[in-house]
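Breakdown of the fold
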Amino acid sequence: IAAAVFASGGPAQVTPPPTTYAARLRLLLAKDDIRMAFVRRAEAERAQRLVALGSEGGASEVELEWARRVVAGTTHPSGYVIPRPLRAAAYPFMNVPLVLGCLLFSQSMVLLCLVQMINQTFNAIFNIANGAGIASGFKKRKVVRDLIPALMAACGMILLAQRVERALPWRGSATSLLVAYLSVVAAGVVNLTLSRRSECTQGVLVSDAAGRPLATSQAAGRAGVARALITRSLLLPLVALVTPTVLMAGVEGLVPGLKQWKVVALLLEILFIAATLAIGLPACVALFPATVRMPFGALERSAQAEARRTVGDGRVPEHVFVFRGL
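Residues numbered from 1 in each chain as written. Predicted model: local features only at pLDDT ≥ 70, side-chain atom pairs only at ≥ 80, totals over all residues. Heavy atoms only, no water.

Next up on the list: the overall build of the protein. Counting its secondary structure elements, the protein contains 12 helices and 4 strands. Of the contacts formed within the protein by residues at least 6 apart in sequence, a portion of 76% connects residues at least 24 apart. Carbon together with sulfur atoms contributes 66% to the accessible area of the protein, which is approximately 16700 Å² in total. (Helix = DSSP H or I, 4+ residues; strand = E, 2+ residues; numbered from the N terminus. Contact = heavy atoms within 4.5 Å. Areas by Shrake-Rupley, 256 points an atom, 1.4 Å probe, with all protein chains shown as cover.)

Set out below in structure tokens:
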């Protein structure tokens, strides 16, 4: 559901989400504007108020357009202002130090595990902050409960993958890339599933087309997490690993002596990774609409009964809507 609906605290007509991949990608690229990573909480809350008031608040169309962009890039659809390091616009650049650590400490098991622990901690917190479950409430105890097993399991997957790679009788860049991809995917799947498990077990809010909350649904939560697994845990690591490798191979082919300039080569690789993540994350996430449209009959019986109690049996919509999270 549109961020402005939740921010205003009342029902409003929801603008239909983009129906084509290109339109969704353009919207996400605008949302991931790097300037959104530096917007302060007070400015984000002011933008929420401007969007809620609309033209009646006396703001110009230019101010309203900027406010809408700020709300889209800084605010969870529930109205919660996402901390700056955990916003989608900051995601690629928060990962640069982690990528640098992986490149520098690839030969040290202890240091690499430390970097991966930091990496998985950041990903778990990012999952929670941008998931659909946070709309139902934010409790530190539950965050820690979901974070600790996600972190332990993800780091365990990384260690297991490293042991498997060292035990393989054959070596090569393709093998290393495949093992790296499988380890990142395994860790990412476990991390995302555990850090957002409350969406599957406790459910997320579903609304009608006007933005009115109807019920809490576990089926809707599972639908959102499943899409996040496909886009962020399966596709994004593939894009992030393959694209920089191909680009570096192409540059090394054009500049044969590049490997001798280790610092330049390292900085160039980091640049390729950051650019790939900056474009790759929205490119993967755009495969599915941010707002999932579900038939009312797809909800579990308890959620259907709750919705009927909320609006009356004869006013139940054919479809419900749920924000699926990143």
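Grouped together as the largest cluster of nonpolar side chains are 19 residues, with contacts concentrated most on Tyr 91, Phe 122 and Leu 236. Contributions of two or more residues to this core are made by helix 5 (91–104), helix 6 (109–130), helix 10 (218–254) and helix 11 (262–285). Among the elements that take part in this core, helix 11 stands out by supplying 5 residues, more than any other. The contacts of Tyr 91, once residues within four sequence positions are left out, are Phe 122, Asn 123, Phe 126, Arg 232, Leu 236 and Leu 281. (Core = buried A, V, L, I, M, F, W, Y, C linked by side-chain atoms within 4.5 Å. Buried < 20%, exposed > 50% of the residue type's maximum accessible area, 1.4 Å probe, protein only.)

We now examine the side chain of Arg 232. Within the secondary structure layout, Arg 232 lies in helix 10. In this structure, Arg 232 is buried with no salt-bridge partner, the nearest side chain bearing the opposite charge being Glu 199 at 9.0 Å. Here Arg 232 is in contact with Tyr 91, Asn 123, Phe 126, Asn 127, Leu 192, Pro 237, Leu 281, Val 285 and Leu 326, once residues within four sequence places are set aside. (Lys, Arg positive; Asp, Glu negative; His and termini not counted. Salt bridge = Lys/Arg side-chain N within 4 Å of Asp/Glu carboxyl O.)

A separate point is the side chain of Ser 217. Mapped onto the fold, Ser 217 is located in strand 2 (residues 213–217). Here the side chain of Ser 217 touches Glu 300 through a polar contact of 3.0 Å, side chain to side chain. With sequence-adjacent residues up to four places away left out, Ser 217 is seen in contact with Glu 199, Gly 203, Val 204, Val 206, Leu 299, Glu 300 and Ala 303. (Polar contact = N/O pair within 3.5 Å; in protein donor to acceptor, adjacent residues only side chain to side chain.)

The next point concerns the environment of Leu 86. Along the chain, the position of Leu 86 falls in the loop between helix 4 (61–74) and helix 5. Separated by 40 residues in sequence, Leu 86 and Phe 126 place their C-alpha atoms 5.4 Å apart. In this view, Leu 86 contacts Phe 122, Ile 125, Phe 126, Ala 129 and Asn 130; residues no more than four positions away in its chain are not counted.

What follows deals with the pairing of strand 2. Pairing of strand 1 (residues 204–207) with strand 2, which is carried by 4 bridges, proceeds in the antiparallel orientation. Bridge pairing links Val 204 to Ser 217 in strand 2. Taking the residues between adjacent antiparallel strands as the criterion, strand 1 and strand 2 are bridged by 5 residues, where Gly 211 takes a positive phi near 90°. (Pairing = 2+ DSSP bridges.)

To continue, consider the pattern of salt bridges. Here the structure, examined in full by the defined rule, presents 7 salt bridges. The salt bridge involving Arg 69 is made with Asp 33; its shortest N-O contact spans 3.5 Å. With a gap of 36 residues between them, Arg 69 in helix 4 and Asp 33 in the loop between helix 2 (21–31) and helix 3 (41–53) connect regions that are remote in the sequence. Asp 33 gets classed as buried once you look at its relative accessible area, which sits at 14%. Put simply, Arg 212 and Asp 208 hold a salt bridge, and the shortest N to O gap is 3.0 Å. A residue is classified by how much of its surface remains accessible, and Arg 212, at 40% relative accessible area, is partly exposed. What emerges from the salt-bridge pattern is a single network uniting Asp 33, Arg 35 and Arg 69.

Before going further, it helps to spend a moment on the confidence of the model for the protein. As a general rule, the predicted coordinates of low-pLDDT regions are not to be interpreted in detail. When pLDDT is averaged along the protein, the result is 79, and 83% of the positions lie at 70 or above. Across the protein, the element-wise mean pLDDT spans from 35 in helix 1 (residues 3–8) up to 90 in helix 3. Note that residues 1–14 has pLDDT below 50 and, in this model, 34 contacts with residues that lie over four places away or in other chains. (pLDDT = per-residue confidence, 0-100.)

Looking now at helix 10. For helix 10, spanning 37 residues, the distance from its first C-alpha to its last is 53 Å, which sits close to the expected 54 Å at 1.5 Å a residue. The largest bend along helix 10 reaches roughly 35° and is located at Leu 235, with the proline Pro 237 sitting one to four residues downstream. (Expected span 1.5 Å × (residues − 1). Bend = angle between axes of the 7 residues up to and from the residue.)

As a further point, take the packing of aromatic side chains. One pass over the structure, following the stated rule, counts 3 aromatic pairs. For the ring pair Tyr 91 and Phe 126, a centre distance of 4.7 Å and an interplane angle of 50° mean the geometry is tilted. Residue Tyr 91 is found in helix 5, and its partner Phe 126 is found in helix 6; the two are separated by 35 residues along the sequence. Given the relative accessible area of 0%, Phe 126 is considered buried. Pairwise contacts between aromatic rings join Tyr 91, Phe 122 and Phe 126 into one cluster. Above the plane of the ring of Phe 288 lies Arg 227, whose end atom (NZ or CZ) is 5.6 Å from the centre. (Phe/Tyr/Trp six-rings, centres within 6.5 Å; stacked < 30°, edge-to-face > 60°. Lys NZ or Arg CZ within 6 Å of the ring centre and 35° of its normal.)

The end-to-end C-alpha distance of helix 11 is 34 Å, a good match for the 34 Å that 24 residues give at a rise of 1.5 Å each. Its maximal kink placed at Ile 279, helix 11 deviates by approximately 25°, while the proline Pro 282 follows within four residues. The complete set of buried residues in helix 11 reads Ala 265, Ile 270, Phe 272, Ile 273, Ala 274, Thr 276, Leu 277, Gly 280, Leu 281, Pro 282, Cys 284 and Val 285.

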